[in-house]
Amino acid sequence: MCGVFGIFGHSEAANLTYLGLHALQHRGQESAGIVTSDGEQLYAHRGMGHVIDVFPTDQIDKLKGNMAIGHVRYSTAGGSLLKNAQPIAVNYARGSLAVAHNGNLTNAESLREKLEERGSIFQSVSDTEVIVHLVAISTQRAIEDRVADALSLVQGAFSLVCLTEQSLIAVRDSHGIRPLCLGVMRTEPSCYVIASEASCFELIDAKFVRDIEPGEMVIVDRRGLRSSHPFAASRPRHCIFEFVYFARPDSVIDGVSVYEARKNLGRALAGEHPVEGDVVIAVPDSGVPATIGYAEYAKLPFEVGLVRSHYVGRTFIEPQQSIRHFGVKLKLAPVAAVLTGKRVIVVDDSIVRGTTSRKIVKMLRGAGAREVHMRISSPPNQWPCYYGIDTPTRSELIASSHTLSEINQYITSDTLQYLSLDGMINAVVKATNGTNGSSHRHLTALNGPPATLTRDSFCHACWSGDYPVEFVPHPRHRQMRLLDT
Ligand code: SF4
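Figured I'd write up the structure that's included with this text. (Residues numbered from 1 in each chain as written. Predicted model: local features only at pLDDT ≥ 70, side-chain atom pairs only at ≥ 80, totals over all residues. Heavy atoms only, no water.)

### Re the packing of helix H8 (residues 258-272) against helix H14 (residues 421-430)
Basically, it comes down to this: Orientation is described by axes fitted as lines to C-alpha atoms, over the contacting stretch for helices, and by angles from 0 to 180 degrees between their N-to-C directions. Here a strand is any run of E in DSSP of at least two residues, a helix any run of H or I of at least four, and the numbering for each starts at the N terminus. Oblique is the label for any angle not under 35 degrees, not over 145, and not in the 65 to 115 range, which are roughly parallel, roughly antiparallel and roughly perpendicular in turn. Two helices crossing with the near one rotated counterclockwise from the far one by less than a right angle form a left-handed crossing, whereas a clockwise rotation gives a right-handed crossing. Note on contacts: a residue pair qualifies if any of its non-hydrogen atoms lie within 4.5 Å across the two residues. Amino acids outside the nonpolar list (Ala, Val, Leu, Ile, Met, Phe, Trp, Tyr, Cys, Pro) and the charged list (Asp, Glu, Lys, Arg) are all regarded as polar, and Gly is one of them.
As a packed pair, H8 and H14 sit with axes 8 Å apart at the nearest point and diverge in direction by 140°. Judged on the interaxial angle alone, H14 and H8 are oblique. Between H8 and H14 the crossing geometry is right-handed. Residues Ala 261, Asn 264, Leu 265, Ala 268 and Glu 272 of H8 touch H14, and the partners they reach there are Gly 423, Met 424, Ala 427, Val 428 and Lys 430. For the contact of H8 with H14, the per-class residue count stands at six nonpolar, two polar and two charged.

Right, here's the structure in full:
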């Protein structure tokens, strides 16, 4: 779960990238970076921490040029180190290249081994660096062909933005696992922007044009914008966890309103698992729309029973174990006026290890709740993600080794229920209706009608174990992690 941003043709490219990254901060808080180009050379700055800390004004002023890419990161492949921060920027025989990547490659280690055998030297353990090396050794001439050539060798998930001295390139893997979309500045129609989520466009006064299609490459240079499909078409498998948890609720991804999807998840959950209660509360923030949907369907009052502090990161994506232990109390506080003496239905989007849910139940009871009924707006999370989400190993996922009643007992709730896999998929597909009309008008004009999403258009491997791209564990994975710690 990283965020990428790109812009071409604006005198304030670095500033707008800074703002774009700020609006994508929810996708990663570990490091941030921007690379710009003035047409002749690249300028780069990266640092650990939040965008606002990495880029003081004087630093942004040094990033010259009218095109830029940016990245916010949390670590999946590779450790939490500055050398793994992105965009990765290099000089090679044909010029300069910077790459910002959201997703994980499933064959990165075997490719890295082959590259090292033929002499490549890697600076980081990030799988993105593999792509950079493959571009550098490609025998193709044009940069877009070199990028396509490199990406034809990799497997897994990638939503990429690349910057050369004179062009911006955006590419999405052929399953479209991670999101990527195209926008245009309202005041400068020839200035294109690319981002992981369209929710960042409002802040920079850009408007959403369309999603980058699975397997599509978009090239922007002084000749304008053009699109190609260098990879064989595959069935779309958009990450459904984006709709459950990761994406911002004001985003529309692949024609699905994240907000509507979450409300539908809550409605479906209430339909599948009703329970008598006095009040429905959310685990904020990502659980709020599903809770509204649950309360609406159940005809029960929605109240704010937990208040979230916005000054700490989300514990689930916080990579340091030490912070996780403090996380819940730092992050959430109970509202006794809402909870005292009540039968409380609490809606959350997922249970990972179970430790957070256990602390929440304890907190609610401590504030006076008479009963606590936990409802989860996704199925039991049993499988790790290999495509860019930092889920724990299978053995750490409580649902991989515990039954429903064991989990209920562990988290000490009165009752616990999860939404079914079918219920989750249907709820997200239903959120397509009515939202993609306006979003895709431009797509229809530019590239033909949008693909229709069906139940088969999503990756749901972390619940079902049905992985769209095979992952073969490589012994180097363990070795690299040891080196990093
Ligand atoms: S395994 Fe889960 S988190 Fe990973 S891409 Fe698939 S649905 Fe998303």
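So much for the structure itself; the text now carries on.
### Topic: the sheet that holds strand E13 (residues 224-228)
Going by this rule: Each pair of strands is called paired provided DSSP finds at least two bridges between the two strands.
One open sheet holds the six strands; their spatial order is E5-E6-E7-E8-E12-E13, and the pairing between them is antiparallel. Edge positions in the sheet fall to strand E5 (88-92) and E13, since each has one partner strand and no second. Pairs of neighbouring strands in the sheet enclose a mean axial angle of 20°, with direction left out of account. In the sheet, strand E8 (residues 168-172) pairs with strand E12 (residues 217-221) via four bridges, with the strands oriented antiparallel. Bridge assignment links Ile 169 to a residue of E12, and that residue is Ile 219.

### Notes on helix H12 (residues 355-366)
Put simply, the rule reads: Any helix carries an expected span of 1.5 Å times its number of residues minus one. Here's how the labels work: a residue is buried when its accessible area is under 20% of the maximum for its type, exposed when over 50%, partly exposed in between, all with a 1.4 Å probe on protein chains only. The arc in question is the one spanned by the directions pointing from the helix axis to the C-beta atoms.
Relative to the 16 Å expected for 12 residues at 1.5 Å per residue, H12 spans 16 Å between its end C-alpha atoms, a close match to the ideal helical length. Turning to H12, its buried residues number three or more, namely Ser 357, Ile 360, Val 361, Met 363 and Leu 364. In an axial view of H12, the angular spread of the buried residues amounts to 160°, which keeps them on one side of the axis. Of the residues in H12, the exposed ones pointing more than 90 degrees away from the buried face are Lys 362 and Gly 366. Directly beyond the C-terminal end of H12, a positive phi value near 110° is found at Gly 368.

### What to know about helix H13 (residues 404-411)
Those residues of H13 that sit buried are Ile 407, Asn 408 and Ile 411. When H13 is viewed along its axis, its buried side chains cluster within an angular range of 100° and face the same direction. For H13, the exposed residues lying more than 90 degrees away from the buried face are Ser 405 and Gln 409. Buried-residue contacts for H13 involve H12, strand E22 (371-376) and strand E23 (415-418). Once H13 finishes, Thr 412 follows within two positions and takes phi at roughly 65°, a positive value.

### Comments concerning the side chain of Thr 432
Here is the rule we go by: Distance and chemistry together define a polar contact, namely a pair of N or O atoms within 3.5 Å, with one atom able to donate a hydrogen and the other to accept it when in protein, and with adjacent residues in sequence counting only for side-chain atoms on both sides.
Within the fold, Thr 432 resides in the loop between H14 and helix H15 (436-439). Owing to a relative accessible area of 9%, Thr 432 belongs among the buried residues under this scheme. A distance of 2.7 Å separates a polar atom in the side chain of Thr 432 from the backbone oxygen of Val 429. In this structure Thr 432 touches Gly 255, Val 256 and Leu 453, once residues within four positions along its chain are discounted.

### Observations regarding the environment of Tyr 92
Note that Tyr 92 resides in strand E5. Considered as a pair, Tyr 92 and Val 135 are 43 residues apart in the sequence and their alpha carbons are 9.4 Å apart. Not counting residues within four places of it along the chain, the set of residues in contact with Tyr 92 comprises Leu 97, Ala 136, Ile 143 and Arg 146.

### Considerations on the packing of aromatic side chains
Our working definition: When two rings of Phe, Tyr or Trp (its six-membered ring) have centres within 6.5 Å they constitute a pair, described as stacked for plane angles under 30 degrees, edge-to-face for angles over 60, and tilted for the intermediate range. The criterion for a charge sitting over a ring is simple: Lys NZ or Arg CZ within 6 Å of the ring centre, and within 35 degrees of the ring normal.
Taken as a whole and assessed by the stated rule, the structure comprises nine aromatic pairs. Aromatic side chains Tyr 245 and Phe 246 sit 4.9 Å apart centroid to centroid with 80° between the ring planes, which places their arrangement in the edge-to-face category. Phe 246 gets classed as buried once you look at its relative accessible area, which sits at 1%. Aromatic ring contacts, followed pair by pair, group Phe 241, Tyr 245, Phe 246 and Trp 463 into a single cluster. Seen from the ring of Tyr 410, Arg 358 lies directly overhead, with NZ or CZ sitting 4.7 Å from the centre. One residue, Arg 394, lies across the ring of Trp 383, its end atom 3.8 Å from the ring centre.

### Digging into the nonpolar core
Going by this rule: Nonpolar core, defined: a set of buried Ala, Val, Leu, Ile, Met, Phe, Trp, Tyr and Cys residues in which side-chain atoms within 4.5 Å join the residues together.
Within the largest apolar cluster, 42 residues are counted, with the highest numbers of intra-cluster contacts made by Ile 240, Phe 241, Phe 243 and Val 428. Put simply, the parts of the chain that give this core at least two residues each are helix H7 (241-246), H8, helix H9 (288-298), strand E21 (343-348), H14, strand E24 (458-459) and helix H17 (461-464). Once residues lying within four places of it in the same chain are set aside, the contact partners of Ile 240 are Met 424, Ile 425, Val 428, Phe 458, Cys 459, His 460 and Trp 463.

### A closer look at the sheet that holds strand E17 (residues 279-282)
Spatial ordering of the open sheet is given by E18-E17-E21-E22-E23, a layout of five strands whose pairing is parallel. With partners counted over all chains shown, the strands left at the sheet margins are strand E18 (302-303) and E23, one partner each. Where E17 meets E18, two bridges bridge the pair, whose relative direction is parallel. Bridge assignment links Ile 281 to a residue of E18, and that residue is Glu 303. The strands touched by H8 within the sheet are E21, E22 and E23, with E23 carrying the most contacts at an inclination of about 125°.

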